[in-house]
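Reading the structure
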Amino acid sequence: ADCRQATPRRCRHSTDLEAILSRDALQVAIANEQRGLHFYSRALEATHDEATREVFTRLVKEEKRHLAALQKEFEALHQAHPSLDDEPPMLYFDYDRLEDIFPQSQPNVVQTVQSFSPAEALYIAMAAERRSYEFFSDYADKVEYPQGRAIFKKFANEEQRHLTMIRHASDALQ
């Protein structure tokens with residue numbers, strides 16, 4: 001039931017199906033980037049170890065860059081298809097799974113990062129990136145339309161890159 005493509009009875013406007021599916025994929029990617037940015041920003045505030053701060057600083061910058069690029073793509077899609085907001089969703093996602101990728105409660109993130117060693121804080125970040133990678137990889141495998149698959153593969157690769165960066169930093173601490 002996860003990420004099924006609905007069969008439209010008929011779009012209310014002449015918005016093409018590819019645009020609707022892209023909108024849905026972009027919304028999920030934007031939500032994940034916002035959650036990652038929130039998590040890494042809070043973790044950066046709570047981290048005192050310089051090497052770990054450096055990793056979280058890089059991740060905050062990358063999440064901001066990814067978010068800006070996604071929002072720009074989302075806006076361009078809306079400009080090209082002004083009636084897009086009137087169309088119902090065509091992709092269905094497991095939003096509980098999405099919400100579980102990055103820990104979100106600010107006191108929880110701050111307390112967790114402050115109570116753990118730098119290596120443990122990086123482990124939490126690695127686990128979040130792994131969940132994000134798996135989320136986007138799973139959807140890339142399930143989505144049948146090429147543009148959506150490309151969006152999900154791109155973000156799976158970005159999350160894999162983050163995971164590798166964090167793993168290298170964690171290895172250096174040990």
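Conventions we followed
Residues numbered from 1 in each chain as written. Predicted model: local features only at pLDDT ≥ 70, side-chain atom pairs only at ≥ 80, totals over all residues. Heavy atoms only, no water. Helix = DSSP H or I, 4+ residues; strand = E, 2+ residues; numbered from the N terminus. Buried < 20%, exposed > 50% of the residue type's maximum accessible area, 1.4 Å probe, protein only. Contact = heavy atoms within 4.5 Å. Areas by Shrake-Rupley, 256 points an atom, 1.4 Å probe, with all protein chains shown as cover. Salt bridge = Lys/Arg side-chain N within 4 Å of Asp/Glu carboxyl O. Expected span 1.5 Å × (residues − 1). Polar contact = N/O pair within 3.5 Å; in protein donor to acceptor, adjacent residues only side chain to side chain. Phe/Tyr/Trp six-rings, centres within 6.5 Å; stacked < 30°, edge-to-face > 60°. Lys NZ or Arg CZ within 6 Å of the ring centre and 35° of its normal.

What about the overall build of the protein?
- Secondary structure assignment for the protein yields six helices and zero strands.
- In sequence order, the secondary structure elements of the protein are arranged as α-α-α-α-α-α.
- When burial is assessed residue by residue, the protein has 47% of its 174 residues classed as buried.
- Here the analysis covers contacts within the protein between residues at least 6 apart in sequence; of these, 85% occur between residues at least 24 apart.
- Carbon together with sulfur atoms contributes 49% to the accessible area of the protein, which is approximately 9,200 Å² in total.

Regarding the environment of threonine 164
- Looking at the element boundaries, threonine 164 is found in helix α6 (residues 146-173).
- Owing to a relative accessible area of 29%, threonine 164 belongs among the partly exposed residues under this scheme.
- For the pair formed by threonine 164 and methionine 126, sequence separation is 38 residues and the distance between their alpha carbons is 8.4 Å.

Some words on the pattern of salt bridges
- Per the stated rule, a full pass over the model turns up five salt bridges.
- Its salt-bridge partner being glutamate 45, residue arginine 42 comes within 3.0 Å of it at the nearest N-O pair. You can see arginine 42 and its partner glutamate 45 sitting in helix α1 (residues 17-46), three residues apart, about one turn around the helix.
- Ionic pairing is found between glutamate 62 and arginine 161, a salt bridge with its closest N-O pair at 2.9 Å. Of the two residues, glutamate 62 sits in helix α2 (residues 50-80) while arginine 161 sits in helix α6, which places them 99 residues apart along the sequence.
- Under the relative-accessibility criterion, arginine 161 is labelled partly exposed at 38%.
- Three or more residues are tied together by salt bridges with common partners; here these are Glu62, Glu158 and Arg161.

Things to note about α1
- With 30 residues, α1 should cover 44 Å at 1.5 Å per step; its first-to-last C-alpha distance of 44 Å lies within 8% of that length.
- In terms of burial, α1 is a largely internal element, 23 of the 30 residues being buried.
- Where α1 starts, the residue carrying a side-chain oxygen 2.9 Å from the main-chain nitrogen of glutamate 18 turns out to be aspartate 16.

Examining the packing of aromatic side chains
- Applying the stated criterion across every chain yields a total of twelve aromatic pairs.
- With a centroid separation of 5.9 Å and an interplanar angle of 35°, the aromatic rings of tyrosine 40 and phenylalanine 56 are classed as tilted. With tyrosine 40 in helix α1 and phenylalanine 56 in helix α2, this residue pair connects regions lying 16 residues apart in the sequence. Pair check on accessibility: tyrosine 40 and phenylalanine 56 agree, each one buried.
- When the centroid spacing of 4.9 Å and the interplanar angle of 55° are considered together, the rings of phenylalanine 93 and tyrosine 139 count as tilted. Of the two residues, phenylalanine 93 sits in the loop between α2 and α3 (95-99) while tyrosine 139 sits in helix α5 (residues 118-142), which places them 46 residues apart along the sequence.
- Overall, phenylalanine 93 belongs to the buried group, its relative accessible area being 10%.
- Put simply, the rings of Phe93, Tyr95, Phe135, Phe136, Tyr139, Phe152 and Phe155 touch in pairs and so form one group of aromatic residues.
- Here the basic side chain of lysine 142 rests over the ring of tyrosine 139, its NZ or CZ set 5.5 Å away from the ring centre.

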